[in-house]
Amino acid sequence: MRRQTFAAIFAAALYCLFVGPTFAADQSTIVIYGATGKLGGKIATEALNRGHKVIGVSRDPSTLNGAHANLSAVAGDVTNVNSMLEIIVGADVVVIAVAGIGADNTPKNSIVNQAALTFIQAARGLGASAPRVIQIGGGTTLRRNGVLGLESANLEEGSSLHGRMWGHWVALQNYRATTDIRWTVLTPPPSALIPGERTGVYRLGTDELLLTEDGAVAPLSEEDLAAVVIDEVENARSIGQRITAAY
Ligand SMILES: NC(=O)c1ccc[n+]([C@@H]2O[C@H](COP(=O)([O-])OP(=O)(O)OC[C@H]3O[C@@H](n4cnc5c(N)ncnc54)[C@H](OP(=O)(O)O)[C@@H]3O)[C@@H](O)[C@H]2O)c1
């Protein structure tokens, strides 16, 4: 009887050693700025479905819908370094999927650029223990035959669209200027990111638009964009790079 008990405990210990910790080791803690938004919400769902812990950040966390054992909601402002430092310490990855204009609609003051600058400052404050960041970019920062989408878009300077779209470009340049930050900018295809199905099958690119055989902008579903983000969380294949994804 005692031998049987010992054997059962030994088997359970072996299980914990080789099965339990394997899952725990694969589980990441992901902070998501924009978890109340269209894309951030889908990224949070994808992360939770894959067993990760999600800290959803919002200026008003009571608006963060859904109860899940691995989901917590915190109040935070993506443009405030002290607030970000408190939230991201101990996390593995920070996802930034925010949108908004800033003072004077300038690209520099856009929420996406202020978010990038805030993350860079916060990560430098944390040093070697800082999490990675994956920020969602803007499709017009991709190139077609080498020509920047923003150049051909003719956005009126001072307009909110100009500030937001060029803000993505300035944010990307700010990440590119760093050598001490583990960053990835994932840029969805312009005007071709649509609500749809999650297939988990997509192509990755870098600065050039991904095209269909007919030369059209290759689309991607929002659900698969979320899958690309969490694939990058798990595989860390594109650190220090801007990537795009499409079918
Ligand atoms: N094809 C493309 O290139 C493409 C397509 C779609 C989206 N995008 C980009 O993806 C990003 C997300 O787009 P979306 O449509 O998902 O946005 P959205 O639905 O409008 O959500 C915006 C999010 O930003 C958060 N936010 C704004 N200011 C904040 C602040 N100061 N601190 C913390 N959070 C803040 C909001 O959170 P709270 O209000 O709860 O604080 C909200 O969750 C945007 O940058 C957009 O340009 C690109």
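Criteria and thresholds
Residues numbered from 1 in each chain as written. Predicted model: local features only at pLDDT ≥ 70, side-chain atom pairs only at ≥ 80, totals over all residues. Buried ≥ 20, exposed ≤ 12 C-beta atoms within 10 Å, placed from the backbone. Helix = DSSP H or I, 4+ residues; strand = E, 2+ residues; numbered from the N terminus. Pairing = 2+ DSSP bridges. Right-handed = clockwise from strand over helix to strand, strands pointing away. Axes fitted to C-alpha atoms, helices over the stretch in contact; angles between N-to-C directions. Parallel < 35°, antiparallel > 145°, perpendicular 65-115°, else oblique. Left-handed = near helix turned anticlockwise from the far one by under 90°. Contact = placed C-beta atoms within 7 Å. Nonpolar A, V, L, I, M, F, W, Y, C, P; charged D, E, K, R; others polar. pLDDT = per-residue confidence, 0-100. Near = placed C-beta within 6 Å. Expected span 1.5 Å × (residues − 1).

Trainee: Just give me the short version of the pairing of strand E4 (residues 93-96), but keep the residues and values in it.
Mentor: Each regular strand displays side chains that alternate between the two surfaces of the sheet. Neither face of E4 is exposed, since Val93 and Val95 on one face and Val94 and Ile96 on the opposite face are all buried. Relative to E4, strand E1 (residues 29-33) runs parallel, the two being bridged by 4 bridges. Each bridged residue has a counterpart across the sheet, and for Ile30 the counterpart in E4 is Val93. Two elements, E4 and strand E5 (residues 132-136), share 4 bridges in a ladder whose sense is parallel. Its bridge partner lying in E5, Val95 is registered against Ile134. Assessed by its sense of winding, the connection that carries the chain from E4 through helix H5 (residues 111-126) to E5 is right-handed.

Trainee: Give me the packing of H5 against helix H7 (residues 160-176): which residues, what numbers.
Mentor: Two elements in contact, H5 and H7, have axes whose closest approach is 7 Å; the angle formed by their N-to-C orientations is 20°. When the axes of H5 and H7 are compared, the pair comes out roughly parallel. Seen from above, H5 lies across H7 with right-handed handedness. Facing H5, whose interface residues are Val112, Asn113, Ala116, Leu117 and Ile120, H7 presents Gly167, His168, Val170, Ala171, Asn174 and Tyr175. Per-class residue counts for the contact of H5 with H7 are 7 nonpolar, 4 polar and no charged.

Trainee: So what's going on with the confidence of the model for the protein chain? Residues and values would help.
Mentor: Looking at the protein chain as a whole, its pLDDT mean stands at 91, while 90% of the residues score no less than 70. Every residue in residues 1-24 is under pLDDT 50, and counting partners more than four places away or in other chains gives 3 contacts.

Trainee: How would you summarise unusual backbone geometry if you had to cite specific residues and measurements?
Mentor: Positive phi, normally seen in glycine, also occurs at Asn154, with a value near 50°. Inspection of the secondary structure assignment puts Asn154 in the loop between helix H6 (149-153) and H7. Even without a glycine there, the phi angle at Ala236 is positive, about 50°. When you line up the elements, Ala236 lands in the loop between helix H8 (222-235) and strand E12 (241-246).

Trainee: Tell me what's going on with the sheet that holds E12, and back it up with residues and numbers.
Mentor: Reading across the sheet, the 8 strands line up as E3-E2-E1-E4-E5-E8-E12-E10 and stay open at both edges, with mixed pairing between neighbours. Sheet topology places strand E3 (71-75) and strand E10 (203-205) at the edges, where each strand pairs with a single neighbour. For this sheet, the mean angle separating the axes of adjacent strands, direction not counted, is 25°.

Trainee: Kindly report on the environment of Pro61, identifying the contributing residues and their values.
Mentor: Examined against the element boundaries, Pro61 turns out to sit in the loop between strand E2 (53-58) and E3. Residue Pro61 is classed as partly exposed on the basis of its 16 C-beta neighbours within 10 Å. Measuring from C-alpha to C-alpha, the distance between Pro61 and Ala75 comes to 5.4 Å, with 14 residues separating the pair along the chain. If we skip the residues at most four places from it in the chain, Pro61 touches Ala73, Val74 and Ala75.

Trainee: Could you give an account of the site of the ligand, with specific residues and numbers?
Mentor: The environment of the ligand is made up of 28 residues, and the closest members are Gly37, Leu39, Ser58, Arg59 and Gly139. At the level of elements, helix H3 (38-49) and H5 are the ones that each hand at least two residues to the shell around the ligand. Here the shell around the ligand takes 3 residues from H3, the largest share from any one element. Of the residues belonging to the shell around the ligand, the class tally is 13 nonpolar, 11 polar and 4 charged.

Trainee: How would you sum up H8? Please name residues and give values.
Mentor: With 14 residues, H8 extends 20 Å from end C-alpha to end C-alpha; this agrees with the ideal 20 Å at 1.5 Å per step. When H8 is considered as a whole, its buried residues turn out to be Asp224, Leu225, Ala226, Ala227, Val228, Val229, Ile230, Glu232 and Val233. Looking one or two residues past H8, Ala236 carries a phi angle of roughly 50°, positive in sign.

Trainee: Go over the pairing of E1 with me, naming the residues and quoting the values.
Mentor: Within E1, 4 of the 5 residues are buried, which leaves the element mostly enclosed by the surrounding structure. Both E1 and E2 contribute to a ladder of 5 bridges, which runs parallel. Residue pairing in the sheet places Val31 in a bridge with Ile55 of E2. Tracing the backbone out of E1, into H3 and back to the parallel element E2 gives a crossover that is right-handed.

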